[in-house]
Amino acid sequence: MSGPPREIDALIALMARLPGLGPRSARRAVLHLLKRRDMVMAPLAQAMATVALTAQDCRVCGNVGTTDLCPICDDPRRVTGEICVVETVADLWAMERGGAFKGRYHVLGGTLSALDAIGPDDLRIPDLAERVLDEGVSEVILALNATVDGQTTAHYIADALAASGVQISSLAQGVPVGGELDYLDDGTIGAALRARRRV
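Residues numbered from 1 in each chain as written. Predicted model: local features only at pLDDT ≥ 70, side-chain atom pairs only at ≥ 80, totals over all residues. Heavy atoms only, no water.

Under an unreviewed UniProt entry, the name given to the protein chain is Recombination protein RecR, and the organism recorded is Pseudotabrizicola sediminis. If you open the UniProt record of the protein chain and go to Sequence similarities (unreviewed entry), you find "Belongs to the RecR family." Of the comments in the UniProt record for the protein chain, the one headed Function (unreviewed entry) reads "May play a role in DNA repair. It seems to be involved in an RecBC-independent recombinational process of DNA repair. It may act with RecF and RecO." (UniProt positions renumbered as here; feature names shortened; annotations may be inferred.)

Comments concerning the domain arrangement of the protein chain
Its domain assignment divides the protein chain into domain 1 (6-54) and domain 2 (75-170). Taking only C-alpha atoms, the centre of domain 1 and the centre of domain 2 are 34 Å apart. (Domains from an automatic or database assignment.)

Describing the pairing of strand 6 (residues 167-170)
Two elements, strand 5 (residues 139-142) and strand 6, share 4 bridges in a ladder whose sense is parallel. Looking at strand 6, one finds that Leu-142 is bridged to Ser-170. Remark: the strand 5/helix 7 (residues 148-161)/strand 6 crossover connection has right-handed handedness. (Pairing = 2+ DSSP bridges. Helix = DSSP H or I, 4+ residues; strand = E, 2+ residues; numbered from the N terminus. Right-handed = clockwise from strand over helix to strand, strands pointing away.)

Some words on the sheet that holds strand 4 (residues 104-107)
With parallel pairing, 4 strands are arranged side by side in an open sheet as 4-3-5-6. Of all the strands in the sheet, the pair left with one neighbour each is strand 4 and strand 6. The mean angle between the axes of side-by-side strands here comes to 25°, regardless of whether they run parallel or antiparallel. Those strands touched by helix 5 (residues 89-98) are strand 3 (82-86) and strand 4, and its axis lies near 160° from that of strand 4. (Axes fitted to C-alpha atoms, helices over the stretch in contact; angles between N-to-C directions. Contact = heavy atoms within 4.5 Å.)

Some words on the pattern of salt bridges
Summed over all chains, the structure comprises 5 salt bridges. Linking Arg-59 and Asp-68 is a salt bridge whose minimum nitrogen-to-oxygen distance equals 3.1 Å. You can call Arg-59 exposed: its relative accessible area is 56%. The partner of Glu-96 in a salt bridge is Arg-78, with the nearest N and O atoms 2.7 Å apart. With Glu-96 in helix 5 and Arg-78 in the loop between helix 4 (71-74) and strand 3, this residue pair connects regions lying 18 residues apart in the sequence. For Arg-78, a relative accessible area of 12% gives the class buried. (Salt bridge = Lys/Arg side-chain N within 4 Å of Asp/Glu carboxyl O. Buried < 20%, exposed > 50% of the residue type's maximum accessible area, 1.4 Å probe, protein only.)

Below, the structure is given as structure tokens:
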């Protein structure tokens, strides 16, 4: 019984390492790429090679771009005195998709985790404290995930920045737009009730 050639099998194995793809999904994706070599596979390979050579972390916020200063940090209109703290670049991109925040960001690179032995110095928390002082920041918005590690990290940051006098806030939590109470978990309903406001 013969499988795919060694080179194609190596591509399948590499694709299977991607999040959300197992061996079968990777095999289907590779077969799709092979069927559309000129239209999909060649441009994808070229784009991946270009990004592999040019991608770098922003020296200020930790976003991913193609220069040492990302377009957000390089934009003078984004100097609002607000820094939105997120766990990952994916979270930053999600916030940007919403289009509501007009300030600058700070990507931590994860959350504090005793289980995984991740402490403050393993994240970009000291860099955040430095930015708050150097940039004259008036508000730090903690946009961290509503997980135990996310909330632990938020409390640690709030304590670390307390002496700076900067205003610290966090995103509201609760019922999503279009959400139905019957489908929400108890924790979300409780958070929504605690974050209620006058109508």
